[in-house]
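# Commentary on secondary and tertiary structure
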Amino acid sequence: MATSGYIDLHSHTTESDGSYAPEELVDLAVRTDLKALAITDHDTFSGYEMALPFARKAGLDLVRGIELNSRLNLTNGDGRSAHLLGLFPSREPSGEFINWIEDQRRDRRDRNRKLAETLQNRGVRVTLEEAEGRGRNLTSRTHFAQILMEKGYVDTFEEAFREYLGEDAPSYVARQSLTSEEVIRRIRSGGGIPVVAHPVRLSLGRDIERQELIKLKEAGLIALEIYHSDQDPQLQAYYHQLARELDLLPTGGSDFHGRIKPDIDLGTGLRGNVRVPFEFLQRLRELMP
Ligand code: AMP
Ligand code: MN
Ligand code: MN
Ligand code: MN
C-alpha cells in the first residue's frame, strides 16, 4: 500500500446519489492515480461493500465511510442541518451502528414521502414513486431535483434547491435527525472517526462556527473537512489553521457525485481546488489503529 501521493476521502456511488457504480468509481480512482479512496454514500455502506472486491483486485486502498445528517442546535437557539462523515479506515462498524443506519434510511424514506406531498401541495407534479425510481438503493433530494429540471419547473440544480428543496425553500421538509453531538457519539462508539463535512455549508459566522466546533469537539468530534470542492484555497487555509487550533485532524475530499455535479472531479474537486495528501489518512489511522 502507498505511503504518499493524493487521496479522496469523500465520494458517492449509485448506491446513494452518485452516478458512478461502485466498480466504476474504483476504476476512476485508479485511473486518477489516487492512493486511497473513501466511499461516503449517504446512509449506507452498500456502495463501499460492492466496491471492495474491485478495489482489492486493483490494489486501491479503499476506506469505508458514510455521510449522515444531523441537527446542529446553535447556542443562540437557531438550528442547522449538518452533515457528518463517519470514516472507518481501520475498524469495522459495530452491529449496533449498522442497525442504527437502517433507522436513518427509514427516516429518509419518511422525509421523501412528506417532500413529495409538500411539492404536490405547491402544484408540482412529482410523485414519490417517480423519485424512488431514480435511486438504485435510496432516494435523495438530488433525485427530486433532476425531476424538477426535466419537467421544466426549474432550469438548474441550484434553482431546484433554492426554490423547492433547500433549507430556505417554502416546501423544505426537515428530517427527524438526532443532534450533531448524538451522531458524533454514535459514530465514535460504532468504531468510526466523526468528521464535520463541508463546514462552509453551515453558513455560520467565524466566531459562532468556532464555538460550535468546540462544542462538537467536546462531544467527541475528531476531524474537520478542510479540503472540499465548495471551499476555496483561502477558506481551506483558514480551516486548516482552525483545525490546528482546536486540535482536530484535517481531512478532505471532492464530494464527487459524477454526472449530477458535473463540475466536480474525483480527487481534484472544482477546477483543481482539492488536493488531499496521503498523510491525512495516515494520521487518522495512527489515532485509531
Ligand atoms: P438528502 O440527503 O436527500 O437530503 O439530499 C442532500 C443532497 O442534496 C446533498 O448530498 C447534496 O448532494 C445535494 N444538495 C443539498 N443542497 C444542495 C444545494 N444547495 N445545491 C445542490 N445540491 C445540494
Ligand atoms: Mn449527495
Ligand atoms: Mn454533504
Ligand atoms: Mn457528500
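Look up: the structure comes first, before these words.
Description of the structure in this document. What you see is a predicted model; the values in this text were computed from it and never measured.

What follows deals with the coordination of the manganese ion (ligand 2). For a metal bound by four donors in a tetrahedral arrangement, the ideal donor-metal-donor angle is 109.5 degrees, while six donors in an octahedral arrangement ideally sit at 90 or 180 degrees. For the manganese ion (ligand 2), every protein donor is listed as Asp17 (OD), Asp17 (OD), His42 (NE2) and His257 (NE2), and the spread of their distances is 2.2 to 2.8 Å. Each of the 6 donor atoms bound to the manganese ion (ligand 2) contributes to angles spanning 50 to 153°, and the resulting shape is irregular. Read N to C, the donor residues that coordinate the manganese ion (ligand 2) are spaced as D-x24-H-x214-H. Between the two metal centres, the manganese ion (ligand 2) and the manganese ion (ligand 3), the spacing is 5.8 Å.

Time to look at the pairing of strand 4 (residues 79-88). The buried fraction of strand 4 is high, at 8 of 10 residues. Where strand 3 (residues 61-73) and strand 4 come together, 10 bridges link them in antiparallel fashion. Across the sheet, the residue bridging to Leu72 is Arg80, located in strand 4. Taking the residues between adjacent antiparallel strands as the criterion, strand 3 and strand 4 are bridged by 5 residues, where Gly77 takes a positive phi near 100°. The pairing of strand 4 with strand 5 (residues 193-196) spans 4 bridges and is classified as antiparallel. Bridge pairing in strand 5 places Leu84 opposite Val196.

Our next topic: the nonpolar core. Within the largest apolar cluster, 49 residues are counted, with the highest numbers of intra-cluster contacts made by Leu68, Phe97, Val196, Leu224, Leu281 and Leu284. Setting aside chain neighbours within four positions, we find Leu281 in contact with Ile7, Leu9, Ala36, Asp61, Val63 and Pro89. The next biggest cluster of nonpolar side chains, apart from the first, holds 18 residues, and it includes Leu128, Ala131, Phe144 and Val154.

Before going further, it helps to spend a moment on the site of ligand 1. In the vicinity of ligand 1, the contacting residues are Asp17, His42, Arg108, Arg111, Ser140, Arg141, Thr142, Phe157, Phe161, His257 and Lys261. His257 places a side-chain nitrogen or oxygen 3.2 Å from an oxygen atom of ligand 1. Side-chain polar atom of Lys261 to an oxygen atom of ligand 1: 2.9 Å apart, as the coordinates give it. Relative to its unbound accessible area of 490 Å², ligand 1 is 82% covered by the protein chains. Of all the elements in the fold, those that place two or more residues in the shell around ligand 1 are helix 3 (95-121), helix 5 (141-150) and helix 6 (157-165). When grouped by side-chain class, the residues that make up the shell around ligand 1 number 2 nonpolar, 4 polar and 5 charged.

We now examine the coordination of the manganese ion (ligand 4). Within the first shell, the manganese ion (ligand 4) binds the protein through His10 (NE2), His12 (NE2), Glu67 (OE) and Asp255 (OD), at distances of 2.1 to 2.2 Å. Donor residues for the manganese ion (ligand 4), ordered by position in the chain, follow H-x1-H-x54-E-x187-D. The metal-metal distance between the manganese ion (ligand 4) and the manganese ion (ligand 2) is 4.6 Å. Taken together, the residues His10 in the loop between strand 1 (6-8) and helix 1 (22-31) and Glu67 in strand 3 connect sequence positions 57 residues apart. In this structure Glu67 comes out as buried when scored by relative accessible area, which is 2%.

Scoring rules and cut-offs
- Residues numbered from 1 in each chain as written.
- Chains lettered and ligands numbered in written order.
- Predicted model: local features only at pLDDT ≥ 70, side-chain atom pairs only at ≥ 80, totals over all residues.
- Heavy atoms only, no water.
- Donors = N, O, S within 2.8 Å, 3.2 Å for Na, K, Ca; no water.
- Tetrahedral: all angles 85-135°; square planar, octahedral: opposite > 155°, others 65-115°.
- Buried < 20%, exposed > 50% of the residue type's maximum accessible area, 1.4 Å probe, protein only.
- Helix = DSSP H or I, 4+ residues; strand = E, 2+ residues; numbered from the N terminus.
- Pairing = 2+ DSSP bridges.
- Core = buried A, V, L, I, M, F, W, Y, C linked by side-chain atoms within 4.5 Å.
- Contact = heavy atoms within 4.5 Å.
- Near = heavy atom within 4 Å.
- Polar contact = N/O pair within 3.5 Å; in protein donor to acceptor, adjacent residues only side chain to side chain.
- Areas by Shrake-Rupley, 256 points an atom, 1.4 Å probe, with all protein chains shown as cover.
- Nonpolar A, V, L, I, M, F, W, Y, C, P; charged D, E, K, R; others polar.

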